[in-house]
Amino acid sequence: MTKPDNSSFTPPTAEQIGERLQQCAPQQASRFWSIAPLVVLGVVAGFTFTSSGILAALMPFVIVIGLMFAMGWRVRSLRRLEQRAVRVQELAMMRYDVQALRLGWRLLPQLRTLHELHGRTVAVMAMCLDQVGAYEAAIVAYDDLIMRLPSDHPTTLQLVIQRTIVQLMCDDLTDADDALRRLRGMVEPFASTPIGASYHLAGLLQQVQTHHFADALDHAENLVEQLRPLGIDAGYGYALMALSHYKTNGPDADTWWSHATMLLPPATLIARFSQLGAIRDLTPATMPQTIGKS
Amino acid sequence: MTPETPPPPDISPDSPPDNTPDARSHPRLICPPFDLRKLRGHLFIDGLMRWGAGISVCALVIGGSLMDVSSAWLTTAMVFIIAGLWIGIGALSARSWHELRQLPQLIEIDPQLAEHRLAECLARRFLQRPVRLLLHHRLAMLRHRQERYAETAAICRELLGYRISAAGRVHTHLLLMLAESSLTENDMAGTYTALTQLHRVKLTLTEKAQRMALQTRYEIEMGHHQLVIAGLKDKIQLAELMPASQCGAIHAMFAVAAQRAQHPALSQWLNERALLLCGNDQLAILNHQIGFLDIPDPAYVSGSTI
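On a predicted model such as this, the values are computed, not experimentally measured, just so you know.

Here the focus is the side chain of Arg138 of chain B. Here Arg138 of chain B is to be found in helix α5 (residues 129-145). Beyond its immediate stretch of four places on either side in the chain, Arg138 of chain B contacts Leu100, Leu103, Pro104, Ile107 and Leu118 of chain B.

Glancing now at a nonpolar patch on the surface. All names here are of chain B. A cluster of nonpolar residues, Phe44, Ile45, Leu48, Leu92 and Phe126, forms a patch on the protein surface that exposes about 480 Å² of accessible area. In this structure, Leu48 sits in helix α2 (residues 36-66). Since its relative accessible area comes to 53%, Leu48 is described here as exposed.

Residues and elements named next belong to chain A. As far as domains go, chain A holds domain 1 (11-148) and domain 2 (153-294). A C-alpha centroid distance of 37 Å is found between domain 1 and domain 2. Of the residues lining the interface, 11 residues belong to domain 1; the matching set on domain 2 comes to 13 residues. For the pairing of domain 1 and domain 2, the buried interface totals around 1,200 Å² over both sides, and the portion due to carbon and sulfur atoms is 64%. Viewed at the interface, domain 2 and domain 1 are joined by 3 salt bridges. Residues Asp233 and Arg95 are paired through a salt bridge, measuring 2.9 Å at the closest nitrogen-oxygen approach. Counting the contacts that link domain 1 with domain 2 gives 4 residue pairs in polar contact (both at pLDDT 80 or more). Counting residues per element, the ones that place at least two in the side of domain 1 that touches domain 2 are α5 (115-131) and α6 (135-148).

Moving on: the pattern of salt bridges. Residues and elements named next belong to chain B. Taken as a whole and assessed by the stated rule, the structure comprises 17 salt bridges over all chains. The closest approach of N and O atoms between Arg143 and Glu115, which form a salt bridge, is 3.2 Å. Of this pair, Arg143 sits in helix α5 while Glu115 sits in helix α4 (residues 111-122), and the two are 28 residues apart along the sequence. Like Arg143, the residue Glu115 is buried in the burial classification. Here Arg143 ties to Glu151 by a salt bridge, and the two come within 3.0 Å at their closest N and O atoms. Classification of Arg143 by relative accessible area gives buried; the value is 0%. Within the structure, one salt-bridge network assembled from shared partners comprises Glu115, Arg143, Arg148 and Glu151.

Cut-offs and rules
Residues numbered from 1 in each chain as written. Chains lettered and ligands numbered in written order. Predicted model: local features only at pLDDT ≥ 70, side-chain atom pairs only at ≥ 80, totals over all residues. Heavy atoms only, no water. Helix = DSSP H or I, 4+ residues; strand = E, 2+ residues; numbered from the N terminus. Contact = heavy atoms within 4.5 Å. Patch = residues over 30% accessible without salt bridge, like charges linked within 9 Å, V, L, I, M, F, W, Y side chains within 5 Å. Areas by Shrake-Rupley, 256 points an atom, 1.4 Å probe, with all protein chains shown as cover. Salt bridge = Lys/Arg side-chain N within 4 Å of Asp/Glu carboxyl O. Buried < 20%, exposed > 50% of the residue type's maximum accessible area, 1.4 Å probe, protein only. Domains from an automatic or database assignment. Buried area = accessible area lost by both parts, 1.4 Å probe. Polar contact = N/O pair within 3.5 Å; in protein donor to acceptor, adjacent residues only side chain to side chain.

Following this line, the structure appears as C-alpha cells:
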C-alpha cells in the first residue's frame, strides 16, 4: 500500500476539534427505544386477550417477528460501526494519520451512544493530531478524554503522559513540568510497562527542550531498559539521548544515534523532532540490502 | 492499618489440600478435562429444546387459526407460556453472559479463579447454545493459558465445527489458538490446516501479525528458511505493530532463519534489533516458553547442507 498524497490536508484547529467533540459528546442511549419493544408487546398481548378474531391471534407473532428483524438490523449496524472504528485504529497503527483522522471525524457522530468506541476513536484522533503536528488540537482532544475518565485509571495516566509530551512539543513547558511532577509517584507501579516508558520519554524530552542536555546524560545508563516497552518508538528516546551527547560533546552520540536508527529511519526521527536535524550527519545504522531484495 | 487479605485457597491436583474451614465450605472448583461427547450431548439437548419450542409455537399458531376463533386466546396463552419458559432459560444464560465478558481478563490475571467461575457456569444444565459454545471458547483460552495445549487443540477443533454467530472474532481466535497449540504439540499437519484456514478468513491487522508470527515458527520448524525471509520488509512492518517483547521475539526468529539461509549480515542486523526490543533476559524467557531459538535445522539434522 503506497502512501496517498496528503498535501491538500489542513489539520483541524483547536477550536474546530473542540467544537466537533462538543457536538459529538457521548450521551446515554434513549431509554424510550429500549423499553418500546416491551411496551408494544404488552399492548398487543392486552389487545389479543380482550378481543377475538384471527387478526388478534396472529398479531403477537407478526410483532415478535418484526422485533426480531429490528434487533438483527441493530446488531448488524453495531458491528459495522465497530469495524469502522477498528479501521480508524488500524490506519493510525500503519501511520496513515490523515486518513485515520478523516475517517474518525466522520465516524464520531455515530458513536455517541457507544462510549467505549467513542473514547477509543477520540484517543486515536488525538494521537494522529499529535503526529501531524496539530499540537493544540491534540491537547484539546486529550483533555476531553481525560475529563471523562476516572483519575486513577491506567488509561488516564497514559493519556496524561501523552498530553504532556504534546505540551512539550509545543513549548508549553510550565504546564508540562507541572504534569510531570504530579505523575512522578503515580507511574512507579507501571515502571516496566509502556506507561512507565512514556513517562521516561517525556522526562527526557523535557530536558532536551529546556536545553538541560547534561542532566539528560544522567539517565543514559538505564535508558534502554526504561524505554524498551515502547517498542520501535524507543528510537525517539535514543535519538534524543544522541542529541544530548552531541550537544555536550559526549562520547556516545554515534552509539545512541545508531540505536535510534536501528529502530526508526533518520527521516522519521527528524520529522518528529526537528532539533534532531543537528545530528543528521552522524553515522546511522544501515539496513542490510538483502531486506529490499528478499 | 488495614488487615492483610489472606491469599485465596488453592485446591488443585498439584497443591496440598487446604483444610481450613473456609476452604472446606467454599472449595475452588476445577473444570473436568474436556469431554467431546458431553459437549455434543449438551448441545443436542439445547437444540432439542430450541426446535421443540419453535415447532410447538408454529403448531399452536396453525392449530389456533384452524380452530374456532373464540378459542384463539387459549393458543395465544400457550404461546406466551412457551415464550415465558424460553425467557426463563434466557435469564439463566444471562448470568453466564455476564461471566463471559469478564472471563478473558480474569484468565490473564487469576487463572484459578477463572477456572472456578467457568466450572460453575459449565455445570448449569440449561443454557442457550451460543452461551455454551462461548463458555467452551473461554475454556480453550484458559487451557491455552495453563499451557495444556493438547486439550486446547481438542476444544478448538470441535468448536470450529459450529457456527458461533454471537461474536464475529471468536472463529479467528479459535484458529489462532489451534495453530499455536498444534505447533507446540509438534502436530505440523494440524498447524498447516489451521494456518491455511487463517489465510482464508478476513483478519484485523493485529490478527495478521499473530498469524505471521505463527507461520514464521512453522516455517522455521519445517526448514523453509528462504520462505521466512521472503518479503521480510513487510513482515518487519507487521511485527512492529506488536508489543515490544513479541516484536523482539519475531526478530530473533527472523535472525535464526536468515542465519540458516546464509545471510549473516541480515541475521546480525535482526539480532541487534531483537536485543534492543527485547533484551537478553526477555529473549531467554521467550525462548524457554516457545523454544524458537532451539529449533533444530532440519537440513542439518538430515546431514545435508543448505
